[in-house]
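# Architecture at a glance
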There are 4 protein chains.
Amino acid sequence: MNELNFASDNVMGASAPVIEALVAANAGALPAYGGDEITARLTKRFAALFECELDVVLVATGTAANALALATALSPWGLCLCHSESHVIDDECGAPEFFSHGAKLVGLPGVGGKIEAPAVAAAVDRLPRHEKQMPAECVSISQATESGLVYRLDEIAGISEVARARGLWFHMDGARFANALVRLGCSPAEMTWRRGVDILSFGGTKNGCLAAEAILVFAPELRKTLRQRRKRSGHTLSKGRLLSAQFEGYLEADHWLANARHANAMADRLARGLGALPGVRPAWPTEANEVFAILPRALDERLRRAGASYHPWSDLSLAAGEAVGPEEVLVRLVTSFATEETSVDALLAAARTESGATA
Amino acid sequence: MNELNFASDNVMGASAPVIEALVAANAGALPAYGGDEITARLTKRFAALFECELDVVLVATGTAANALALATALSPWGLCLCHSESHVIDDECGAPEFFSHGAKLVGLPGVGGKIEAPAVAAAVDRLPRHEKQMPAECVSISQATESGLVYRLDEIAGISEVARARGLWFHMDGARFANALVRLGCSPAEMTWRRGVDILSFGGTKNGCLAAEAILVFAPELRKTLRQRRKRSGHTLSKGRLLSAQFEGYLEADHWLANARHANAMADRLARGLGALPGVRPAWPTEANEVFAILPRALDERLRRAGASYHPWSDLSLAAGEAVGPEEVLVRLVTSFATEETSVDALLAAARTESGATA
Amino acid sequence: MNELNFASDNVMGASAPVIEALVAANAGALPAYGGDEITARLTKRFAALFECELDVVLVATGTAANALALATALSPWGLCLCHSESHVIDDECGAPEFFSHGAKLVGLPGVGGKIEAPAVAAAVDRLPRHEKQMPAECVSISQATESGLVYRLDEIAGISEVARARGLWFHMDGARFANALVRLGCSPAEMTWRRGVDILSFGGTKNGCLAAEAILVFAPELRKTLRQRRKRSGHTLSKGRLLSAQFEGYLEADHWLANARHANAMADRLARGLGALPGVRPAWPTEANEVFAILPRALDERLRRAGASYHPWSDLSLAAGEAVGPEEVLVRLVTSFATEETSVDALLAAARTESGATA
Amino acid sequence: MNELNFASDNVMGASAPVIEALVAANAGALPAYGGDEITARLTKRFAALFECELDVVLVATGTAANALALATALSPWGLCLCHSESHVIDDECGAPEFFSHGAKLVGLPGVGGKIEAPAVAAAVDRLPRHEKQMPAECVSISQATESGLVYRLDEIAGISEVARARGLWFHMDGARFANALVRLGCSPAEMTWRRGVDILSFGGTKNGCLAAEAILVFAPELRKTLRQRRKRSGHTLSKGRLLSAQFEGYLEADHWLANARHANAMADRLARGLGALPGVRPAWPTEANEVFAILPRALDERLRRAGASYHPWSDLSLAAGEAVGPEEVLVRLVTSFATEETSVDALLAAARTESGATA
């Protein structure tokens, strides 16, 4: 029942150009530990893509990318401000704490997984400044957020300004970077370092790779320790081509942007379709490749019986005044580069049938 | 100049059956985070292969496998005894210390990278037992060793006995497990848990995979924390099939054993050829897929000029009485599943020419 | 201007019986590292005092006591639930995270620094149970709380029940244990293990010692690693008598209870006096040795000019409906064993004068 | 049987001026957490004593001082070179590894607990410089050593030169700083920063304090994180006067030097007396307040029966050619500020009697 699988953007393998690049890179001898020419080429490509000098460190998982990035930006007794439902707080089993040797993630509230500049400023300014208290050292945002929203450029700039003024590093978790980027229609540079981002987890896995994430470091001061941190955490692949080759296929001919556009379009189609059903309303607007909807419980149950696969979701980030009723559920449906229009339509058809049945 | 590349067994990509299995597994939706059916199948396969009930935890690097395995077997203030030149001490940038939160690896001397049961016993028994001192909790050996030697079954059993009697866990770093296994001609069970091994880093990467290692846990007490340790260290792949599929290709039809036999045969051929040259002698016998030789410096220099690639090596594990002379160098040449007989012969031909030139 | 010093209960040295016991214990040779007879005697005394078999581990600071206690009750990836303004979260510069190697303290809201059993249950039950999420493993409360409140026995039992049912350890931070105890008028056993407390930070420093805290371990499973954790964190004093002697003086002839009763009585007197002033109201009831009051800003400023010393305080734990007005401040005044009635009366006199002046 | 107690220099309490200073400082209110005037005064005093600007951080144990000092000088993946039998390796239950989050102490051999500049240079220069290997970052020596020897000024300078040239920090464990200093007859500055020491653990506990150690930081770069490291490790005393007052008594009127001179004189007397006995020879020369002797086993056994208390010791640091025979034992006898001449003579008398009895 793959057809109705909207559980996650990691249930599919790699997209064709990525797997082909991997197979092509498999032949022949290459230096180990990332000393290969593909990695060198890729580093230049990232510099061109982001229109700046930067450091590129490849790893296989988003958790590793986030945890390594945060560890470079935090002392073991530092605080990192982020949304209270962010992935780094909720879904990495303490990886940031492990890699940073004890730093603390401070969760701020915010609608739709977004934190806002004034709230960040207030939280930091409220902290006592005594050696008994952990000092704020970093801010981290997810682009797109855990609720599928996309920070506008001025929102990013606003947070960056608050961070800069207080001497904090600014990290962006870009597990769904491409989906956010094509939604905003701006360049990678505009969404990152030109708005003050110091270090970025650039995700590939959810958008077409099998396992490939890049830590892109814009701030020179954050580059010093990354390679040793990567090695001692076991994330330096001896056959480094596995990661670099995936990214070559991913970036070639704007394949990654095409993948993201497709996933977003499928999400839009799904959101429109669901929104037209009686009793269904969006939890948050659909801005990337995830649809969050509040459904009648009966509809949810029958959809599942029809074979649909997706996850229930937390309601903690709903806008003020919005709530999930006792006979409702909040659910997340995720589309990806591999989601077919026919699947979306099949789900909608099932929903319509079921919805009618509910009525 | 791939032809004369004997630098490492990680300079090549994956062998054909492995990459084909990966490509085959790429299609379609599968549950994430190792919940896929390929992983489930693989776990059963490992149980059958090792003839026992065991836990299988997959990761992408040998450093991760070793560090996770040791961390499960050590408290943060525990000691692990191993050879003073072991990979876990010398080549993982402190990963075992990181994953274990500060445990200490105690290096014991020993010819050819081997530790011996009486030396382990003596080292443990000499330790004071006061709360000021870190207690011994684990012994770790490499099979094959960093000097290319293979522990005999009775040697493994002897160390295990010492460990068991003192309440220590017994870990085997099997980065070159297959090469050792085919040399001994025994079963995986005989070389591991039947000789008292509690936890094994089962390597795939050096012998035909791109990036695939398995932690195989025989001792039930060591299984409890592994999955959380893996996740918080960023080693749980969301698209788990990447690892499980490689291993399916690797294990299918004894492909892994064939790879290892080939690599060992190439090493034997190389060792024989080098041994016949004037002024060349083995540093240690060739028992797996690595050849360690003491060469005249002039021969070494000219071989390199001829395009040969290999590493100089430490002489700390030489047998008593053996030494590298002032005009000699100790070098390591590694063969792999991908090494062709013509490459070996080309190197030997170059060596013979050069050797003659030296004389 | 010591006379008006209400800044903290750690601005004074030791009370007379404590410093005398320390001087008396100074003479003569004694075994090092806590192997002395005073420590042995003290351990028995604690067992008698708490009417149970227990383990006693002495350290010099409350931060060490809390961090060591929590580290024994948490895996490095575990969650500890406690009040969002608790000392372990806010005032120890990340010590619990350091000692536990990365465990996370989850702050729950609650009036007056108290967490409530149903809120703890709801927070734990809401957590997903996947290897991506840190599991709840411990609950910690402060007795008295950071807002000077005292948990009733049934409140402690209620939290303990919630913890026990979910397999969580239950820790009590007793930095002001004595002050809470004499307020409740119960026995140490009744306020701790008879209500399900597994491990207790028993404070001495704030109530008459110079630097002496005891970790009292009721749950046998939590005893195994404490001494090694203490040593490796540098908290095992070579001249252990420093700590044990202070505690002997502290416990002798119920000196500790007398100290606490005095401090509480002074707090009551202060609270009554302040409460009678126009424009002054309690932030929370005075239940231990701390008075939290909301004062007119003008009064606060002039009191300080009169030489009074005390700290402003956070309003995050105020009851619903209560708030600090724009012309008000929330302050904390702390009394101790050393606070003299004349000091309280002097402060009140100054306040009355100033209060009159304000009007 | 205190009279014959030569077990350690931490079996006695504080010397009279120290305990008196502590009692004197006990009265009255003082700011908490080291903000008191005694600490401020002490900091100036240390600056005058060491003739330089420096940072002073007080803690209660030598383990804390060493571990904090090393943690400031090491990244979590750094190597620290020191003697293989140094206290930081053998007697602190992994505190340096804990505080540094995984750094590794590399033990070098050397007679009498001393490491030598050329050996340090060779060890560092032999290390590969790849991201797979932990880089050397620090050298640590004990003054006096664990075998009771004192580094000469030129030896310290030589190690410092090696360290400086390789970018390594230089730490001195001065648990017996005073004993070494009075033996050399030089100034504190000459034995430390004028010979390149960057950070010093200045011990007070073994030489007359109850529990007082100072981390003295000469290198400005090493000062940044110490206070936060101290707080998060639970070593910031709320009643900071406990530590500062001890040190005031300790340093006043050169009391500390008098204590050390006495202890050394007692050791000399003991060494001379033992050396005159048949079958007894020194393991290493007596240079501080410890006597290491090789005794006939029979003498040792009877001395113990006579009530003498002292520890057997390791023979790993004996000079080449020296060895403990099968009927011999290597023992350590420690003198202190509190050791009386009559005790030394009583032990010698007992030894002489016993020695005669053995013959």
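Note that this is a predicted model, so its numbers are computed, not measured. (Residues numbered from 1 in each chain as written. Chains lettered and ligands numbered in written order. Predicted model: local features only at pLDDT ≥ 70, side-chain atom pairs only at ≥ 80, totals over all residues.)

### Observations concerning the relation of the copies chain A and chain B
Once chain A has been moved 0.0 Å along the axis and rotated by 180°, it coincides with chain B to within an RMSD of 0.0 Å. Both chain copies can therefore be described as sitting about a two-fold axis. Using C-alpha coordinates, one finds that chain A approaches the rotation axis most closely at S233 of chain A, a distance of 3.4 Å. (Least-squares fit on C-alpha atoms with pLDDT ≥ 70 in both.)

### Looking at the interface of chain C and chain D
Each partner contributes to the interface: chain C provides 42 residues, whereas chain D provides 42 residues. Taken together, the elements giving at least two residues each to the side of chain C that touches chain D come down to helix 1 (16–25), helix 3 (62–73), helix 5 (95–100), helix 10 (226–232) and helix 11 (241–251) of chain C. The class makeup of the residues in the side of chain C that touches chain D is 21 nonpolar, 16 polar and five charged. (Contact = placed C-beta atoms within 7 Å. Helix = DSSP H or I, 4+ residues; strand = E, 2+ residues; numbered from the N terminus. Nonpolar A, V, L, I, M, F, W, Y, C, P; charged D, E, K, R; others polar.)

### Observations regarding the pairing of strand 9 (residues 290–296) of chain A
Residue and element names in this part refer to chain A. Extensive coverage of strand 9 is indicated by the burial of seven of its seven residues. Two strands pair when backbone bridges link them, and strand 8 (residues 281–282) and strand 9 are joined in this way by two bridges, in the antiparallel orientation. Of the residues in strand 9, the one forming a bridge with R281 is I294. In the sheet, strand 9 pairs with strand 11 (residues 328–334) via seven bridges, with the strands oriented antiparallel. Bridge pairing in strand 11 links I294 to L330. (Buried ≥ 20, exposed ≤ 12 C-beta atoms within 10 Å, placed from the backbone. Pairing = 2+ DSSP bridges.)

### What to know about the packing of helix 6 (residues 117–126) of chain C against helix 7 (residues 153–165) of chain C
Residues and elements named next belong to chain C. Between helix 6 and helix 7, the shortest axis-to-axis distance is 8 Å and the interhelical angle comes to 15°. Accordingly, the angle class assigned to the pair helix 6 and helix 7 is roughly parallel. Relative to helix 7, the crossing made by helix 6 is right-handed. Note on element contacts: helix 7 touches helix 6 through G158, I159, E161 and V162, opposite A117, V120 and A121. (Axes fitted to C-alpha atoms, helices over the stretch in contact; angles between N-to-C directions. Parallel < 35°, antiparallel > 145°, perpendicular 65-115°, else oblique. Left-handed = near helix turned anticlockwise from the far one by under 90°.)

### Structural notes on the environment of T61 of chain C
Looking at where T61 of chain C falls in the secondary structure, it is placed in the loop between strand 1 (55–59) and helix 3. Between the C-alpha atom of T61 of chain C and that of T205 of chain C, which follows or precedes it by 144 residues, the distance is 7.7 Å. Apart from residues lying up to four places away in sequence, T61 of chain C is in contact with A211 and E213 of chain C together with G234, L237 and S238 of chain D.

### Points about the relation of the copies chain C and chain D
For the match of chain C to chain D, the screw axis carries a shift of 0.0 Å, the RMSD comes to 0.0 Å, and the turn is 180°. When the interface residues of chain C are mapped onto chain D, 100% of them again lie at the interface, so the same face is used by both copies.

### A closer look at helix 8 (residues 177–184) of chain C
In an α-helix, one turn spans 3.6 residues, which is why side chains three or four residues apart end up on the same side. Residues and elements named next belong to chain C. Counting buried residues in helix 8 gives seven out of eight residues, a clear majority hidden from the surface. Along helix 8, the residues classified as buried are F177, A178, N179, A180, L181, V182 and R183. In this structure, the buried residues of helix 8 make contact with strand 5 (169–174), helix 9 (188–191), strand 6 (199–203) and helix 12 (255–275). Looking one or two places after helix 8, you find G185, whose phi comes out positive at around 70°.

### A word on the sheet that holds strand 9 of chain A
Residue and element names in this part refer to chain A. Reading across the sheet, the four strands line up as 8-9-11-10 and stay open at both edges, with antiparallel pairing between neighbours. Two strands close off the open sheet at either side, each with one partner strand: strand 8 and strand 10 (311–312). Examined bridge by bridge, strand 10 and strand 11 share two bridges and lie antiparallel to one another. Bridge assignment links H311 to a residue of strand 11, and that residue is R332. Sheet contacts for helix 12 (residues 255–275): strand 8, strand 9 and strand 11; angle to strand 9, the most-contacted strand, approximately 15°.

### Examining the domain arrangement of chain A
All names here are of chain A. Domains assigned within chain A are domain 1 (2–9 + 255–358) and domain 2 (16–253). Of note, the centres of domain 1 and domain 2, computed from C-alpha atoms alone, are 28 Å apart. On the domain 2 side, the residues contacting the 22 residues of domain 1 number 26 residues. Of all the elements in the fold, those that place two or more residues in the side of domain 1 that touches domain 2 are helix 12 and strand 9. Looking at which element gives the most residues to the side of domain 1 that touches domain 2, the answer is helix 12, with eight residues. By residue class, the composition of the side of domain 1 that touches domain 2 is eleven nonpolar, seven polar and four charged. (Domains from an automatic or database assignment.)

### Observations concerning the interface of chain A and chain B
Contacts between the two partners involve 42 residues from chain A, matched on the other side by 42 residues from chain B. Those elements that provide at least two residues to the side of chain A that touches chain B are helix 1 (16–25), helix 3 (62–73), helix 5 (95–100), helix 10 (226–232) and helix 11 (241–251) of chain A. Counted by class, the side of chain A that touches chain B contains 21 nonpolar, 16 polar and five charged residues.

### Structural notes on helix 3 (residues 62–73) of chain B
An ideal rise of 1.5 Å per residue puts 16 Å on twelve residues; helix 3 of chain B measures up with 17 Å between its terminal C-alpha atoms. Of all twelve residues in helix 3 of chain B, twelve are buried; the element is thus mostly enclosed. (Expected span 1.5 Å × (residues − 1).)

### Some thoughts on the sheet that holds strand 6 of chain C
All names here are of chain C. The strand order across the open sheet built from seven strands is 1-7-6-5-4-2-3, with neighbouring strands paired in mixed fashion. Both edges of this open sheet fall to strand 1 and strand 3 (104–108), since each of them pairs with a single strand only. Along the sheet, successive strands turn relative to each other by an average axial angle of 20°, direction set aside. Pairing between strand 4 (residues 136–142) and strand 5: five bridges, direction parallel. Across the sheet, S142 pairs through a bridge with D173, a residue of strand 5.

### Some remarks on unusual backbone geometry
With an omega of -5°, the peptide bond running from Q143 of chain A to A144 of chain A counts as cis. By secondary structure assignment, the location of A144 of chain A is in the loop between strand 4 (136–142) and helix 7 (153–165). Even without being glycine, C93 of chain B reaches a positive phi, approximately 50°. Along the polypeptide, C93 of chain B turns up in the loop between helix 4 (87–90) and helix 5 (95–100). Look at C93 of chain B and you get buried, because 25 C-beta atoms sit within 10 Å. The phi dihedral of Y33 of chain D falls on the positive side, at around 60°, and the residue is not glycine. Look at Y33 of chain D and you get partly exposed, because 18 C-beta atoms sit within 10 Å.

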